Amino acid sequence: MVWEFFWRFLFSKRAGSVVRKISWLSFIALTVSVASLIIVISVMNALNSNIRTRLVAVEPHVVIEFANNPEEPATPKKNEDLYATVKTRGDFGADWRVYPFEMQDVIVRTVEGRFRGAAARGVTSEALDYILTEIRKARKVEEVASENPQVSEVSPGDVLGERGRIEAGEVLVGVDLAHALGIFEGDNITVVAPEGLLLPAGEAPKFEKVLVREILSTHLQEVDAEGLFYLQDKSLQSFRNSASLRRGLQIWLPADENVDRVKENLLANLEGLPVKVATWKDRNAALFLSLKLEKLVIGLFLSIAALVAGFSLLTVMGLLISQKRKEIGLLQAIGMSRRDVFFLFQGLGVRLSGAGLFLGTLIGLVISIYMELYPLQILPDIYYDSTVP
């Protein structure tokens, strides 16, 4: 019976022109706002997932950084002893990938005189091969998702193709850094220690010439714009005592869900040692906080839009009750109580809002699933995300 009243009181010709138009407008507004909310949140979730996948491909799950004491500068011998102690007490799992690394700030200068700051990351050949393999896998997943597969199957050891592994005196440069400096594969560049800028006039800063082996694209802004990879203990030997040099261990786990528990265990095992333990979540907390706030704010504004559309239903009910006083009196005359009439009109409002919510949810899910199966190519390939995920 309520559905019969729902159609005749709100959408039939006898409902009145004003009530009928406002009912349709409220229904459409609620449907569109709910569908928009679902689509936008779905896109934001997919974007966050893509960023996380790319980030984990480059960023270790856990990083153990050796803390340098300013009063006792770290030496290669001290680092080797600390590395051995950490390996002994760390209780690393058999399926963990544990590699030493070093990080330092450098200045890159080209033969044309262009220069730019960069973050140099020294790794072992095994770690570099693993990182590049994971990058290629992440890109392959995105290419398959966009139905534009251009990346072949990747296995460890074949990342650099027929030219083999990277050698001493060679580096990998981020694509945005190379674009800013006008660098191409095979070019020679000069790497300068930043503390050399503070030397008095007449003294030459520490520098080293290296060969650009490959231009690296990770689709991560920080890595592509500042990244420079080299083989640890084989390149940039003159920078071993640089003031910005940091050493430690980088750890990749079989799955990244247990990084917090792993961090707690490592902190307990390595208590008392001059080390810092951080997960990839800790090192990128600012990025994920900004993404979370962005999704929260966008979702809040779209929810307010849906709420405003919902309030318009009150206008519909008010107009309906004011126009149907005779019908309400007739219903009471045939035996309906005031309580029954109240629940009747309440049911009309619930059904109108429920129909808008259901249809909006259905449309939002259908569009989201379609976009997942057939991503929309709306931007050129120069952008990190050229499709709507």
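Anyway, here's the lowdown on the structure attached to this text. (Residues numbered from 1 in each chain as written. Predicted model: local features only at pLDDT ≥ 70, side-chain atom pairs only at ≥ 80, totals over all residues. Heavy atoms only, no water.)

Moving on to a nonpolar patch on the surface. Residues Leu365, Ile369, Tyr370, Leu373, Tyr374, Leu376, Ile378 and Leu379 make up a contiguous nonpolar surface patch of roughly 770 Å² in combined accessible area. The element best represented in the nonpolar patch is helix α11 (residues 338–373), accounting for 4 residues. Within the secondary structure, Tyr374 is located in the loop between α11 and β10 (376–377). Given the relative accessible area of 42%, Tyr374 is considered partly exposed. (Patch = residues over 30% accessible without salt bridge, like charges linked within 9 Å, V, L, I, M, F, W, Y side chains within 5 Å. Areas by Shrake-Rupley, 256 points an atom, 1.4 Å probe, with all protein chains shown as cover. Salt bridge = Lys/Arg side-chain N within 4 Å of Asp/Glu carboxyl O. Helix = DSSP H or I, 4+ residues; strand = E, 2+ residues; numbered from the N terminus. Buried < 20%, exposed > 50% of the residue type's maximum accessible area, 1.4 Å probe, protein only.)

Consecutive side chains along a regular strand alternate between the two faces of the sheet. Judged from the 5 bridges that link them, strand β4 (residues 170–174) and strand β6 (residues 207–216) form a sheet pairing that is parallel. Counted as the bridge partner of Leu172 is Glu214 from β6. The pairing of strand β5 (residues 188–192) with β6 spans 5 bridges and is antiparallel. Across the sheet, Val191 pairs through a bridge with Glu208, a residue of β6. (Pairing = 2+ DSSP bridges.)

This part is about helix α9 (residues 285–323). The end-to-end C-alpha distance of α9, which contains 39 residues, comes to 57 Å, matching closely the 57 Å that a straight helix rising 1.5 Å per residue would cover. For α9, every residue scored as buried is listed here: Leu291, Gly299, Leu302, Ala306, Ala309, Leu313, Val316, Met317 and Leu320. (Expected span 1.5 Å × (residues − 1).)

Tracing the chain through its elements places Asn284 in the loop between α8 (280–283) and α9. For Asn284, a relative accessible area of 9% gives the class buried. Placed 229 residues apart in sequence, Asn284 and Leu55 show a C-alpha to C-alpha distance of 9.1 Å. If we skip the residues at most four places from it in the chain, Asn284 touches Leu55 and Glu59. Of the polar contacts made by the side chain of Asn284, one reaches the backbone oxygen of Trp280; its length is 2.8 Å. (Contact = heavy atoms within 4.5 Å. Polar contact = N/O pair within 3.5 Å; in protein donor to acceptor, adjacent residues only side chain to side chain.)

Three or more residues of helix α7 (residues 259–269) are buried, namely Val259, Val262 and Leu266. Buried residues in α7, looked at end-on, bunch into an arc of 60°, giving them a common side. When the buried face of α7 is taken as reference, the exposed residues oriented beyond 90 degrees from it are Glu264 and Ala268. Of the surrounding elements, those touching the buried residues of α7 are β1 (62–66), β8 (246–252), β9 (275–279) and α8. (Arc of directions from axis to C-beta.)

Counted according to the given criterion, the structure contains 5 aromatic pairs. Judged by centre distance (6.2 Å) and plane angle (80°), the rings of Trp24 and Phe27 are edge-to-face. You can see Trp24 and its partner Phe27 sitting in helix α2 (residues 17–58), 3 residues apart, about one turn around the helix. Judged by its relative accessible area of 37%, Trp24 falls in the partly exposed class. Between Tyr370 and Tyr374, the ring centres sit 5.2 Å apart and the planes meet at 45°, which makes this aromatic pair tilted. A relative accessible area of 49% means that Tyr370 is categorised as partly exposed. Grouping aromatic residues by their ring pairs yields a cluster made of Tyr99, Tyr130 and Trp252. (Phe/Tyr/Trp six-rings, centres within 6.5 Å; stacked < 30°, edge-to-face > 60°.)

Right, let's get into the packing of α9 against α11. Two numbers describe how α9 lies on α11: the axes approach to 10 Å, and their chain directions differ by 145°. For the element pair α9 and α11, the recorded crossing hand is right-handed. From α9, Leu313, Val316, Met317, Leu320 and Ile321 reach across to α11, where they touch Phe345, Leu348, Gly349, Leu352 and Ser353. The class makeup of the residues in the contact of α9 with α11 is 8 nonpolar, 2 polar and no charged. (Axes fitted to C-alpha atoms, helices over the stretch in contact; angles between N-to-C directions. Left-handed = near helix turned anticlockwise from the far one by under 90°. Nonpolar A, V, L, I, M, F, W, Y, C, P; charged D, E, K, R; others polar.)

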